Amino acid sequence: MTTANSTVLVTGANGFVGQALCAALVSSGHRVRRAVRAPQADLPGAVAVGDIGPATDWRAALEGMGVVVHLAARTHVLLETAADPLGEYRRINVGGSECLARAAAAMGVRRLVFLSSVKVNGESTAARPFTENDVPHPEDAYGRSKLEAEQALAGISAATGLEVAVLRPPLVYGPGVKGNFQRLMRQVARGLPLPFGAIHNRRSLVYVGNLADAIVKAVDAPRAAGTYLVADGEDVSTPDLVRGLARALGVTARLPALPLAALNFFAVVAGKRAELARLAGSLQVDDSRFRREFGWHPRFTFAQGIEETARWYRAAAAKR
């Protein structure tokens, strides 16, 4: 068990999830040591570790630590420039995680909490939600690298006794969100018609505040080892998401019901098949194992999470 006032090392501390997690850890009584790539004078408790990969020197960051939360990763790259994208994902996500875990075990760290992704399970569900017992089926380089990282950490855990708790969240949203979710918010805020009214899917999401709270649970538990899915528990359709965003942003949702066949045609023409698959398909997770073993329940409802996200978006837009 990690006691109050203990110090937790967080990698990727200045990222989207990292900032929320550090605030949650401090609120729960912990001190935080932030591992970042380059020195940052305005980031308290930060330790610069340089480039994350198979040769990173973690010794200064790990000194005196009992628990490490590993968030730092190469995530989705919209405009890929790497000559070997999978190799680059592996260098950072697999080699970097393995290097950290080996160093942590050697320096007496008890537990490593690793943020993975539901993409390890796959990209879509049909008859039932994903569970931790499903055979992994990653479909892109990011998902494959996360699975390989999980496997490497499991091997180190078996060899050294280091506790490894793996959390696989679905899409994370909240203040500071970027990528496709932010683009969807921008389209909704502008009142653009989004032709998703005929879509009847179900998708699991997790608010960043709920994810941070779940990670704190994994940090504080007497024992935390294994793989867990975690989500808000309020699965929504794409039209439901658009309506929720519109309400929170104070605009009218415009959702013409274009048939799915027509959407598919236009997506193929525009080279956006993957984007449409995420908007039209279902991806649900069953996180009952995490809730049961850690006594966890999301602190924020979907409506509250969307409202906080919209508040951040409006404030950021007002500064531009």
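(A) Broad picture of the pattern of salt bridges. With the rule as written, the count across this model stands at 18 salt bridges. When the shortest N-O distance is used, the salt bridge between Glu123 and Lys119 registers 2.7 Å. Classification of Glu123 as partly exposed rests on a relative accessible area of 21%. We classify Lys119 as buried; its relative accessible area is 13%. Taking the shortest distance from any N to any O, the salt bridge between Glu293 and Arg289 comes out at 3.0 Å. In this pair, Glu293 and Arg289 both sit in helix α10 (residues 288-294), 4 residues apart, roughly one turn of the helix. Salt bridges sharing common partners tie together Glu307, Glu308, Arg311 and Arg314.

(B) Highlighting the packing of aromatic side chains. Evaluated as defined, the whole model comprises 10 aromatic pairs. Pairing Tyr173 with Phe181 gives two aromatic rings, centres 5.6 Å apart and planes at 15 degrees, and the pair type is stacked. Aromatic rings pair up to connect Tyr173, Phe181, Tyr207, Phe300 and Phe302 into one cluster.

(C) How the structure looks around the nonpolar core. The biggest cluster of nonpolar side chains holds 58 residues, and the ones touching the most others in it are Val10, Leu21, Val69, Ile215 and Leu241. Among the elements that line this core, the one with the most residues is helix α6 (residues 208-220), at 8 residues. For Val69, the residues in contact, after removing those within four places along its chain, are Val8, Leu9, Val10, Thr11, Leu21, Val113, Ile215 and Val219. With 26 residues, the next largest nonpolar core counts Leu9, Ala35, Ala101 and Val164 among its residues.

(D) Quick look at the side chain of Glu132. Checked against the element boundaries, Glu132 lands in the loop between β5 (111-115) and α4 (141-160). We note that Glu132 is buried and unpaired, the nearest opposite charge coming from Arg289 at a distance of 5.2 Å. Side-chain polar atoms of Glu132 contact the backbone nitrogen of Leu229, separated by 2.9 Å. Not counting residues up to four positions away in its chain, the partners in contact with Glu132 are Thr227, Tyr228, Leu229, Asp286 and Arg289.

(E) Region of the structure containing α4. In this model α4 runs 28 Å from its N-terminal to its C-terminal C-alpha over 20 residues, within 8% of the 28 Å that 1.5 Å per residue would give. Taken residue by residue, α4 has Ala141, Tyr142, Gly143, Ser145, Lys146, Leu147, Ala149, Glu150, Ala152, Leu153 and Ile156 as its buried positions. Looking at the packing, one finds that the buried side of α4 touches α3 (85-106), β5, β6 (163-168) and β9 (226-229). Note on α4: the residue one or two positions beyond its end, Gly161, has a positive phi of about 90 degrees.

(F) Broad picture of empty space enclosed by the protein. The full count for this structure, using the stated rule, is 1 cavity of 30 Å³ or more. In this model, the largest cavity occupies a volume close to 30 Å³. If you trace the largest cavity, you find it lined by Val188, Leu192, Leu194, Val242, Thr252, Ala253 and Arg254.

(G) Expanded view of a nonpolar patch on the surface. A contiguous nonpolar surface patch, about 350 Å² in accessible area, is contributed by Phe265, Phe266 and Val269. Inspection of the secondary structure puts Phe265 in helix α8 (residues 260-270).

(H) The arrangement of the layout of surface pockets in detail. Its volume calculated, the second largest pocket comes out at about 250 Å³. Considering the residues around the second largest pocket, the lining is formed by 13 residues, among which Ala20, Ala23, Ala24, Gly209 and Arg299 are closest to the centre. When contributions to the lining of the second largest pocket are tallied by element, the ones reaching two or more residues are α1 (16-27) and α6. The residue makeup of the lining of the second largest pocket, split by class, is 7 nonpolar, 4 polar and 2 charged.

Conventions we followed
Residues numbered from 1 in each chain as written. Predicted model: local features only at pLDDT ≥ 70, side-chain atom pairs only at ≥ 80, totals over all residues. Heavy atoms only, no water. Salt bridge = Lys/Arg side-chain N within 4 Å of Asp/Glu carboxyl O. Buried < 20%, exposed > 50% of the residue type's maximum accessible area, 1.4 Å probe, protein only. Helix = DSSP H or I, 4+ residues; strand = E, 2+ residues; numbered from the N terminus. Phe/Tyr/Trp six-rings, centres within 6.5 Å; stacked < 30°, edge-to-face > 60°. Core = buried A, V, L, I, M, F, W, Y, C linked by side-chain atoms within 4.5 Å. Contact = heavy atoms within 4.5 Å. Lys, Arg positive; Asp, Glu negative; His and termini not counted. Polar contact = N/O pair within 3.5 Å; in protein donor to acceptor, adjacent residues only side chain to side chain. Expected span 1.5 Å × (residues − 1). 1 Å grid on protein atoms, 1.4 Å probe; cavity = no way out; pocket = protein on both sides within 12 Å on 5 of 7 lines; lining within 4 Å. Points joined across faces, edges and corners; volume = space filled by probe spheres on them. Patch = residues over 30% accessible without salt bridge, like charges linked within 9 Å, V, L, I, M, F, W, Y side chains within 5 Å. Areas by Shrake-Rupley, 256 points an atom, 1.4 Å probe, with all protein chains shown as cover. Nonpolar A, V, L, I, M, F, W, Y, C, P; charged D, E, K, R; others polar.

Distances and angles like these do not, on their own, reveal function.
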